[in-house]
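Survey of secondary and tertiary structure
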There are 4 protein chains.
Amino acid sequence: MTEGADIEREDSLTRVEAFSDGVLAIIITIMVLELKTPVSEGLAALWPLWPIFVAYVLSYAYVAIYWVNHHRLLSHARVVTSGLLWANMLLLFTLSLIPFSTAYLGEHHFSREATLLYLLTMLAPALAYVLLQGRIAATGAQTSASRRYHKASHRKGLAAAFVYAFGLPLTYVSPWLGVGCAALVAVFWMLPWSGLDRLFLDRHPPA
Amino acid sequence: MTEGADIEREDSLTRVEAFSDGVLAIIITIMVLELKTPVSEGLAALWPLWPIFVAYVLSYAYVAIYWVNHHRLLSHARVVTSGLLWANMLLLFTLSLIPFSTAYLGEHHFSREATLLYLLTMLAPALAYVLLQGRIAATGAQTSASRRYHKASHRKGLAAAFVYAFGLPLTYVSPWLGVGCAALVAVFWMLPWSGLDRLFLDRHPPA
Amino acid sequence: MTEGADIEREDSLTRVEAFSDGVLAIIITIMVLELKTPVSEGLAALWPLWPIFVAYVLSYAYVAIYWVNHHRLLSHARVVTSGLLWANMLLLFTLSLIPFSTAYLGEHHFSREATLLYLLTMLAPALAYVLLQGRIAATGAQTSASRRYHKASHRKGLAAAFVYAFGLPLTYVSPWLGVGCAALVAVFWMLPWSGLDRLFLDRHPPA
Amino acid sequence: MTEGADIEREDSLTRVEAFSDGVLAIIITIMVLELKTPVSEGLAALWPLWPIFVAYVLSYAYVAIYWVNHHRLLSHARVVTSGLLWANMLLLFTLSLIPFSTAYLGEHHFSREATLLYLLTMLAPALAYVLLQGRIAATGAQTSASRRYHKASHRKGLAAAFVYAFGLPLTYVSPWLGVGCAALVAVFWMLPWSGLDRLFLDRHPPA
């Protein structure tokens, strides 16, 4: 069976997005369940929750960025192929591990091991995303705007993966350097209106 | 990159709404998990659950109001800009803290500290909402109906934030005064058909 | 503000349905979390879970019926009014209490108290549904098919509420009679293709 | 009431899909909650989690396959009948038991009993799926492409059910043979572009 054979109605893309939205909405929300209410009185009893809260903020930003990127990426798709479906399922699987590594990071107070595991669960979806983008670049819209988008977004994705990979050895110097790498990528993706984006575009984009 | 550059297809608004719906549906529903079934027999064993139940009712109403307002606000948007996306993510983040402060409020029986924390987690989404409304007012529909909507809704939002802020010192007099302020805002938003709305409209709206 | 003033675009109905779908999907699914895996070996250790499983089956059927009815009811709506929004939020609130009363029913092995509480949480959404149907009958489609639908569905809803109310005193005779009433209503709603429906239609429907 | 009488607008299919998406997204995501973070330090403490992780991977693949198949199947439906609605609800119910049997499989380290229960919760949705497909084949699109799809998909479904049923006695030889059967079906469904699909098609499909 060639991939062309299982091309489906364009509106089935809507259902892929809806399912992904559901999974991402649940992933982003169940992380807050880790914030367990202290039994003892007084606001001071809330203080020991700070590592869990910081880990939640970081992972919320991370999943939110994936949602935004996923939403942009799928707007360039045109057909639902088996390759797209399974690459998307793989991406959602890797993202579903984030609540676990986030809880581990928070409960173990940003220890070296927890930071390493966290960076690894950041690398996994980054690689799955590259796979999904490859499928969509191959079978999606072939306009010059789409090609430009894929080029810039692919370079940005590789840069992010590089920063995560770079953070892994840095964690042995200090876990906070590893966490800093993860935070750096988050800030860098959340500012798409910043000048940074221009670094990943060709010098002379068509007018 | 100017904001005009990342304008997307109008139907991508649908996906922003779908994701927000998912997150809000989960937030509103996981709060009920705090109602843990008592082990001992008899309906009398249910009685100690009342503070958790009251806190749930209050927060359910609160999140439901946000859903209704969010739904109205997004019907005035026209394009999905980065500003809209991230303001929306910030709003959902602040709302995701409500199950935590609700559990804290219920388990600590509306203590002063719990009420203060609760009012703060009510203030945070109110401020994020103002930010989101600002983005949509700037890039959304520019009809006179939309402008009138934004004006009235902005005033109503500021009034709500003012009542929450006013509730913070009142909590030192009695936690119930603070809870009363939160309940007052809820009632006041849930009655959009009441005469109250007219207070926030101009005297002479165009026919 | 008259209700006509807050009439919105017809497609905003889609978002009301999407949010309701999200809440119902979560309600129906979190009930399964009560089925906690036994620590001891052997399938015999699963046996004590039967009351929780039976309670889950009953409540799953119940929420599924609400989803089907809600889906039919909203197909007769035409505009999103404040009345519709808040009646819908009230219905979702009453349904959100079902996981609690289901867990209580299962953990307390269908005791009298648990059955009473369960029947009460069945009555509450039945009443909220009548309210929602009233709003939609007033502002929705006014075709003869819609009017016939509302008439038959309203009678059927009252019959169901009557069976629940009748189950309350029967629970004092035996909790299983109360549970039987709840099961009876479920079977009776799940067989819309049965002859029973004809009981609630006028004798001489227009051709 | 004949089934033709409750035929609804085609777009109500969208809501059936949306609700199913919600339920499947929650089922797939709550399984990850079983991965509980170890309290003790060091990555070695993560090692005992492997059976839970392997069970999660298997069940994630399984539910993802159901989503993909369900998505394809519903694209052949044309009307929402009572039969379709209730067969779909039954399918979602059987799938909702998977988080339970997955947790049991992982926590009991792929014991014989846990594997038997797991295979049974794989068989149940397979049978419910056959029922749903029967309803859609009867009332959905009647094009030659749809008929070819239903034929191939039905044969593939029966083959899968046969492999599960075959795995039940094999579990008595070794639980891993039972788990292997479940994994075999997963691999076999996830490769729709493989030559395997041709086995289930007629030799001479119309051009």
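Residues numbered from 1 in each chain as written. Chains lettered and ligands numbered in written order. Predicted model: local features only at pLDDT ≥ 70, side-chain atom pairs only at ≥ 80, totals over all residues. Heavy atoms only, no water.

What chain A contains, in helices and strands, is eight helices and zero strands. Listing every helix and strand of chain A by position from the N terminus yields α-α-α-α-α-α-α-α. Classification of the 207 residues of chain A by burial places 61% in the buried group. Intrachain contacts of chain A at a sequence separation of at least 6 include 81% that bridge at least 24 residues. Accessible surface, chain A: about 8,400 Å² in total, of which carbon and sulfur atoms supply 71%. (Helix = DSSP H or I, 4+ residues; strand = E, 2+ residues; numbered from the N terminus. Buried < 20%, exposed > 50% of the residue type's maximum accessible area, 1.4 Å probe, protein only. Contact = heavy atoms within 4.5 Å. Areas by Shrake-Rupley, 256 points an atom, 1.4 Å probe, with all protein chains shown as cover.)

With 30 residues, helix α6 (residues 144–173) of chain B should cover 44 Å at 1.5 Å per step; its first-to-last C-alpha distance of 44 Å lies within 8% of that length. Of all the bends in α6 of chain B, the greatest reaches close to 30° and is centred on G167 of chain B; the proline P169 of chain B follows between one and four positions later. (Expected span 1.5 Å × (residues − 1). Bend = angle between axes of the 7 residues up to and from the residue.)

Before going further, it helps to examine the UniProt feature "transmembrane region" (unreviewed entry) in chain A. All names here are of chain A. In the numbering adopted here, UniProt assigns the feature "transmembrane region" (unreviewed entry) to residues 12–33, 45–68, 80–104, 116–138 and 158–191. For residues 45–68, the end-to-end C-alpha separation is 35 Å, with 79% helix and 0% strand making up the annotated structure. As annotated, residues 80–104 comprises 88% helix and 0% strand, and the C-alpha atoms at either end are separated by 36 Å. (UniProt positions renumbered as here; feature names shortened; annotations may be inferred.)

Moving on: the interface of chain D and chain C. Of the residues lining the interface, 32 residues belong to chain D; the matching set on chain C comes to 41 residues. Here chain D packs against chain C, burying approximately 3,200 Å² in sum over the two surfaces, 69% of which is carbon and sulfur. Across the salt bridge formed by R15 of chain D and D21 of chain C, the nearest N and O atoms sit 2.8 Å from each other. Summed over the shared surface of chain D and chain C, the result is eight residue pairs in polar contact (both at pLDDT 80 or more). (Buried area = accessible area lost by both parts, 1.4 Å probe. Salt bridge = Lys/Arg side-chain N within 4 Å of Asp/Glu carboxyl O. Polar contact = N/O pair within 3.5 Å; in protein donor to acceptor, adjacent residues only side chain to side chain.)

On to the interface of chain B and chain C, then. If you look at the interface, chain B gives 40 residues, while chain C gives 32 residues. When the two sides are added together, the surface that chain B and chain C hide from each other amounts to roughly 3,200 Å², 69% of it contributed by carbon and sulfur. Counting across the chain B and chain C interface gives two salt bridges. Linking chain B with chain C are eight residue pairs in polar contact (both at pLDDT 80 or more), by the criterion used here. Contributing elements (two or more residues each) for the side of chain B that touches chain C: α1 (12–30), α2 (50–74), α7 (175–190) and α8 (196–199) of chain B.

The biggest cluster of nonpolar side chains holds 282 residues, and the ones touching the most others in it are F19 of chain A, F19 of chain B, F19 of chain C together with F19 of chain D. With sequence-adjacent residues up to four places away left out, F19 of chain B is seen in contact with D21, L24, A25, I28 and W67 of chain A together with M89 and L92 of chain B. (Core = buried A, V, L, I, M, F, W, Y, C linked by side-chain atoms within 4.5 Å.)

For the coordinates displayed, the defined rule picks out 48 aromatic pairs over all chains. For the ring pair F93 of chain A and Y60 of chain D, a centre distance of 4.9 Å and an interplane angle of 70° mean the geometry is edge-to-face. With F93 of chain A in helix α3 (residues 82–96) and Y60 of chain D in helix α2 (residues 50–74), this pair bridges two chains. Judged by its relative accessible area of 12%, F93 of chain A falls in the buried class. Judged by its relative accessible area of 5%, Y60 of chain D falls in the buried class. Ring geometry for F162 of chain A against F166 of chain A: centres 6.2 Å apart, planes inclined by 15°, an arrangement best described as stacked. With F162 of chain A and F166 of chain A both in helix α6 (residues 144–173) and four residues apart, this pair spans about one turn of that helix. On the accessibility criterion, F166 of chain A (48% relative accessible area) is partly exposed. (Phe/Tyr/Trp six-rings, centres within 6.5 Å; stacked < 30°, edge-to-face > 60°.)

Moving on, we get to the relation of the copies chain B and chain C. If you rotate chain B by 90° and push it 0.0 Å along the axis, it lands on chain C with an RMSD of 0.0 Å. Such a combination of rotation and displacement between the chain copies is what one expects of a four-fold axis. Closest to the rotation axis within chain B is the C-alpha of G22 of chain B, separated from it by 4.3 Å. Interface residue correspondence from chain B to chain C reaches only 2%, placing this contact among heterologous pairings that use different surfaces. (Least-squares fit on C-alpha atoms with pLDDT ≥ 70 in both.)

Take the environment of A145 of chain C next. Residues and elements named next belong to chain C. Relative to the helices and strands, A145 resides in helix α6 (residues 144–173). A145 gets classed as partly exposed once you look at its relative accessible area, which sits at 41%. For A145 and H76, which are 69 residues apart along the polypeptide, the C-alpha to C-alpha distance reads 9.4 Å.

Our focus in this paragraph is the environment of S174 of chain C. Relative to the elements of secondary structure, S174 of chain C occurs in the loop between α6 and α7 (175–190). Each C-alpha atom, one on S174 of chain C and one on F110 of chain C, is 10.0 Å from the other, the two residues being 64 residues apart in sequence.

Residue and element names in this part refer to chain B. α2 packs onto α1 with a crossing angle of 175° between their chain directions and a minimal axis gap of 10 Å. The orientation of α1 with respect to α2, classified from their angle, is roughly antiparallel. Together, L13, V16, E17, S20, D21, L24, I27 and I28 of α1 and Y56, Y60, V63, A64, W67, H70 and L74 of α2 make up the contact between the two elements. Of the residues belonging to the contact of α1 with α2, the class tally is eleven nonpolar, two polar and two charged. (Axes fitted to C-alpha atoms, helices over the stretch in contact; angles between N-to-C directions. Parallel < 35°, antiparallel > 145°, perpendicular 65-115°, else oblique. Nonpolar A, V, L, I, M, F, W, Y, C, P; charged D, E, K, R; others polar.)

What follows concerns the environment of P99 of chain A. Residue and element names in this part refer to chain A. Summarising the element assignment, P99 is placed in helix α4 (residues 98–107). The class of P99 is buried, set by a relative accessible area of 10%. In the structure, P99 is positioned 19 residues away from Y118 in sequence and 10.0 Å away in space, judged by C-alpha atoms. The residues contacting P99, other than those within four sequence positions of it, are I27, I30 and M31.

Quick look at the pattern of salt bridges now. One pass over the full model with this rule turns up twelve salt bridges over all chains. A salt bridge links E17 of chain A to R15 of chain B; the nearest nitrogen and oxygen atoms lie 3.8 Å apart. Placement of the pair is E17 of chain A in helix α1 (residues 12–30) and R15 of chain B in helix α1, with the two residues belonging to separate chains. Given the relative accessible area of 13%, E17 of chain A is considered buried.

What follows deals with a nonpolar patch on the surface. Residues and elements named next belong to chain A. Taken together, W47, W50, F53, V54, V57 and W176 make up a surface patch of nonpolar side chains, about 600 Å² in accessible area. Considering each element in turn, the nonpolar patch owes the most residues, four residues, to helix α2 (residues 50–74). Relative accessible area serves as the criterion here: at 36%, V57 is assigned to the partly exposed category. (Patch = residues over 30% accessible without salt bridge, like charges linked within 9 Å, V, L, I, M, F, W, Y side chains within 5 Å.)

Another point: unusual backbone geometry. Peptide bonds are mostly trans, and most non-glycine residues show a negative phi. All names here are of chain B. The phi dihedral of H109 falls on the positive side, at around 50°, and the residue is not glycine. Following the sequence through the fold, H109 ends up in the loop between α4 (98–107) and α5 (112–139). With a relative accessible area of 53%, H109 lands in the exposed category.

Another aspect to go through is the side chain of S75 of chain D. Along the chain, the position of S75 of chain D falls in the loop between α2 and α3 (82–96). Engagement of the side chain of S75 of chain D in a polar contact is seen with the backbone oxygen of R72 of chain D, the distance being 2.7 Å.

Residue and element names in this part refer to chain B. Contact pair α6 / α7: the axes reach a minimum separation of 6 Å and the direction vectors enclose 165°. Our classification of the angle between α6 and α7 gives roughly antiparallel. In the crossing of α6 with α7, the sense of the turn from one axis to the other is right-handed. Contact residues: S153, K156, G157, A160, V163, Y164, G167, L170, T171 and V173 in α6; P175, L177, G178, C181, A182, L184, V185, F188 and W189 in α7. Taken together, the residues that form the contact of α6 with α7 break down as 13 nonpolar, five polar and one charged. (Left-handed = near helix turned anticlockwise from the far one by under 90°.)

Residue and element names in this part refer to chain A. Confidence in the prediction for chain A averages 83 pLDDT; 86% of positions are at 70 or higher. In this model residues 1–10 is a low-confidence stretch, pLDDT under 50, and it forms 19 contacts with partners more than four residues away in sequence or in other chains. Contacts for the low-pLDDT stretch residues 202–207, under 50 throughout, to residues beyond four places or in other chains number four contacts. (pLDDT = per-residue confidence, 0-100.)

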